[in-house]
Amino acid sequence: MASVNKVIIVGNLGRDPEIRYMPSGDAIANIAVATSYKSKDRNSGEQKELTEWHRISFFGRLAEIVGQYLKKGSSVYVEGRLQTRKYTDKDGIERYATDIIAENMQMLGGRQGMGGDAGGYSGGDSYGGGGDSYDAPPSRPAAPRQAPPAPAARPQPKPAPNFSDMDDDIPF
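Summary of the structure given here. (Residues numbered from 1 in each chain as written. Predicted model: local features only at pLDDT ≥ 70, side-chain atom pairs only at ≥ 80, totals over all residues. Heavy atoms only, no water.)

Attention now moves to the pairing of strand S1 (residues 7-13). Regular strands place side chains that alternate from one sheet face to the opposite one. As judged from the six bridges shared by S1 and strand S5 (residues 75-88), these two strands associate in the antiparallel manner. The residue of S5 that forms the bridge with Gly-11 is Val-76. With two bridges connecting them, S1 and strand S3 (residues 27-40) associate as antiparallel partners. Bridge assignment links Asn-12 to a residue of S3, and that residue is Ala-34. (Pairing = 2+ DSSP bridges. Helix = DSSP H or I, 4+ residues; strand = E, 2+ residues; numbered from the N terminus.)

Now the structure itself:
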């Protein structure tokens, strides 16, 4: 039987990212993202807002990007998967925590203090509009940071075909 483990979160960072490095040199970034849900109380009719906090982990180049560009209050779109881990707390009690392992991230909103347009990066060298989007690349050694290349011009749409030029001897 097929299964799917996919999470999409859109929210705001509650604190600056925490960046650590593994002995291999790979970066790990952890963020806490708040999402909100508004509902009306059935009895009183007053609006209630419920906030949920999500722990999200990034690895490799994606973690470096998070550490460089995100900060407390930043709006972010994250795609990833759920992963539950077991740990022992300081009192010796076994506990479980469920985190989101990020596979794709897109910065939402404007670029505060960065200048330039709001073009996006979506892995490789392809560019698109909207906020900046980053896919988790395959794990590899960190390369020196370089500015991304300028966005390529978008191809112009092709004109619609002229059906009067088509041959009428269609065999079907």
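Of all hydrophobic cores here, the largest spans 20 residues; its most connected members are Ile-56, Phe-58 and Met-105. Those elements giving two or more residues to this core turn out to be S1, S3, strand S4 (47-59), helix H1 (61-69), S5 and strand S6 (94-107). Leave out the neighbours within four places in its chain, and Ile-56 touches Ala-29, Asn-30, Ile-31, Val-33, Val-78, Ile-100 and Ala-102. (Core = buried A, V, L, I, M, F, W, Y, C linked by side-chain atoms within 4.5 Å. Buried < 20%, exposed > 50% of the residue type's maximum accessible area, 1.4 Å probe, protein only. Contact = heavy atoms within 4.5 Å.)

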